[in-house]
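Chain by chain, the residues:
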Amino acid sequence: MDSFILTQDHGAIRVITLNRPDMLNAWHRPMRDELVAALEAAGAASEVGAIVLTGAGDRAFGAGQDLSETQAFDAERAVDWMGEWERLYGAIRNLDKPIIAALNGVAAGSAFQVALLADLRIAHPGVRVGQPEINSGIPSVTGPWLMLDRIGLARTIDLTLTGRMLDAEEALAFGLVSRVVPADQVLPSAMTLAAELASKPPVAMKLNKQRFRELTEASFRECLAAGAEAQKAAYGSGEPAIMMERFFAERAARKRG
């Protein structure tokens, strides 16, 4: 059976890798489910002091949602889909241990959101991040919620409505990534930072993380409820299916050409 999530321990650090490199580590339900299980296991493991999350290959941390999964969604399936994201995002938020996203390539859409849910993000100059869902007819709700406190309303509106991707330097200037290092230093830098965080007093770390979670819990729940309604309306309209069909047709034409 394919393993869409890989885990490896390095002392007190657990590295979790999104493992669909042929699909640019795009999400589908099995990978989401495996990641939830991996995060919960890392949170429960007494020997793990910090977590590094990265992507397989050198092209992408994650390309976002695998559109071949969502193309056939109807309104009710879209609501269930939001419940799957609630489970994944909740698993990240509920961690009492620090988690660092090592961005080894593009982080788009929901993969960008997962990176923002991490405590810190390490990128290299070739990394691009953003919220391109609008181009697929998918409304963005959790993305703007995650960006708003970090970059303000004007920039959040810009990135949400245009769907444009930021390069690493602009993302650093916006505060959406924590550090930019050479490409071959992304994972080593994340590991070094994880080791530093793993050495901190664990009770204080747990209480700090708990407090950050408390500060954002009400808005997180409101965001999820709004997201379910938005996805239900979007998929009920049929627009995402039309836009995704266009995307696949254009991709096929490029391959033929």
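Residues numbered from 1 in each chain as written. Predicted model: local features only at pLDDT ≥ 70, side-chain atom pairs only at ≥ 80, totals over all residues. Heavy atoms only, no water.

Enquirer: What is the right way to look at the pairing of strand E5 (residues 99-102) in this model?
Expert: Consecutive side chains along a regular strand alternate between the two faces of the sheet. Every second residue of E5 is oriented toward a common face, with Ile99 and Ala101 on one face and Ile100 and Ala102 on the other, all of them buried. Bridge count for strand E3 (residues 50-55) against E5 is 4 bridges, and the pairing is parallel. Among the inter-strand pairings, Thr54 is bridged to a residue of E5, identified as Ala102. Here 3 bridges tie E5 to strand E7 (residues 120-123), and the two strands are oriented parallel to one another. Looking across to E7, one finds that Ile100 is bridged to Leu120. (Buried < 20%, exposed > 50% of the residue type's maximum accessible area, 1.4 Å probe, protein only. Helix = DSSP H or I, 4+ residues; strand = E, 2+ residues; numbered from the N terminus. Pairing = 2+ DSSP bridges.)

Enquirer: Help me understand the side chain of Thr70, please; the structure alone is not making it clear to me.
Expert: Here Thr70 lies in helix H2 (residues 67-70). Those residues in contact with Thr70, other than ones at most four positions away along the chain, are Gln65, Trp81, Tyr235 and Met244. (Contact = heavy atoms within 4.5 Å.)

Enquirer: I would appreciate a short explanation of a nonpolar patch on the surface in the present structure.
Expert: Taken together, the side chains of Ile134, Leu148, Leu153, Ile157 and Leu161 make up a nonpolar region of the molecular surface, amounting to roughly 460 Å² of accessible area. Checked against the element boundaries, Leu153 lands in helix H5 (residues 142-162). (Patch = residues over 30% accessible without salt bridge, like charges linked within 9 Å, V, L, I, M, F, W, Y side chains within 5 Å. Areas by Shrake-Rupley, 256 points an atom, 1.4 Å probe, with all protein chains shown as cover. Salt bridge = Lys/Arg side-chain N within 4 Å of Asp/Glu carboxyl O.)

Enquirer: Sorry if this is basic, but what is going on with the sheet that holds E3 here?
Expert: In a beta sheet, neighbouring strands are held together by backbone hydrogen bonds and run either parallel or antiparallel to one another. Ordered in space as E1-E2-E3-E5-E7-E10, the 6 strands form an open sheet in which the pairing is mixed. At either end of the open sheet lies a strand with only one pairing partner, and these are strand E1 (5-10) and strand E10 (179-180). For E7 and E10, the ladder comprises 2 bridges, and the chain directions are parallel. Residue pairing across strands places Ala123 opposite Val180, the latter belonging to E10.

Enquirer: Is there a simple way to explain the pattern of salt bridges in this structure?
Expert: A side chain of one charge can pair with a side chain of the opposite charge if their charged atoms are brought near each other. One pass over the structure, following the stated rule, counts 18 salt bridges. Residues Glu217 and Arg93 are paired through a salt bridge, measuring 2.8 Å at the closest nitrogen-oxygen approach. Highlighted residues: Glu217 in helix H8 (residues 202-237) and Arg93 in helix H3 (residues 75-93), separated in sequence by 124 residues. The class of Arg93 is buried, set by a relative accessible area of 11%. In the salt-bridge network here, residues are joined through shared partners; they are Arg29, Arg32, Asp33, Glu69, Arg77, Glu84 and Arg87.

Enquirer: Just checking my understanding: could you explain H8 for this structure?
Expert: Since the α-helix packs 3.6 residues into each turn, any two residues three or four apart lie on the same face. The end-to-end C-alpha distance of H8 is 48 Å, a good match for the 52 Å that 36 residues give at a rise of 1.5 Å each. Approximately 50° is the largest bend angle found in H8, and it occurs at Thr216. Of all the positions in H8, only Met205, Lys209, Arg213, Phe220, Cys223, Leu224, Gly227, Ala228, Gln231, Ala234 and Tyr235 are classed as buried. Summarising the contacts, the buried residues of H8 are in contact with H2, H3, E5, H5, helix H7 (186-198) and helix H9 (239-256). At the exit of H8 stands Gly238, carrying a positive phi of roughly 85°. (Expected span 1.5 Å × (residues − 1). Bend = angle between axes of the 7 residues up to and from the residue.)

Enquirer: Please explain the environment of Ile99 as it appears in this structure.
Expert: Here Ile99 lies in strand E5. In contact with Ile99, other than residues within four places in its own chain, are Leu39, Ile51, Leu53, Ile92, Ala118, Asp119, Leu120 and Lys209.

Enquirer: Explanation requested: the packing of helix H1 (residues 29-44) against H3 in the structure shown.
Expert: Any two packed helices are characterised by how steeply their axes cross, that is the angle between the axes, and by the distance between the axes. Across the interface, H1 lies against H3 with an axial gap of 9 Å and an inter-helix angle of 25°. In terms of their interaxial angle, H1 and H3 are classed as roughly parallel. When you trace H1 past H3, the crossing you get is left-handed. Two secondary-structure elements touch here, H1 through Arg29, Arg32, Asp33, Leu35, Val36 and Leu39 and H3 through Arg77, Trp81, Glu84, Trp85, Arg87, Leu88, Ala91 and Ile92. Along the lines of polarity and charge, the residues of the contact of H1 with H3 split into 8 nonpolar, no polar and 6 charged. (Axes fitted to C-alpha atoms, helices over the stretch in contact; angles between N-to-C directions. Parallel < 35°, antiparallel > 145°, perpendicular 65-115°, else oblique. Left-handed = near helix turned anticlockwise from the far one by under 90°. Nonpolar A, V, L, I, M, F, W, Y, C, P; charged D, E, K, R; others polar.)

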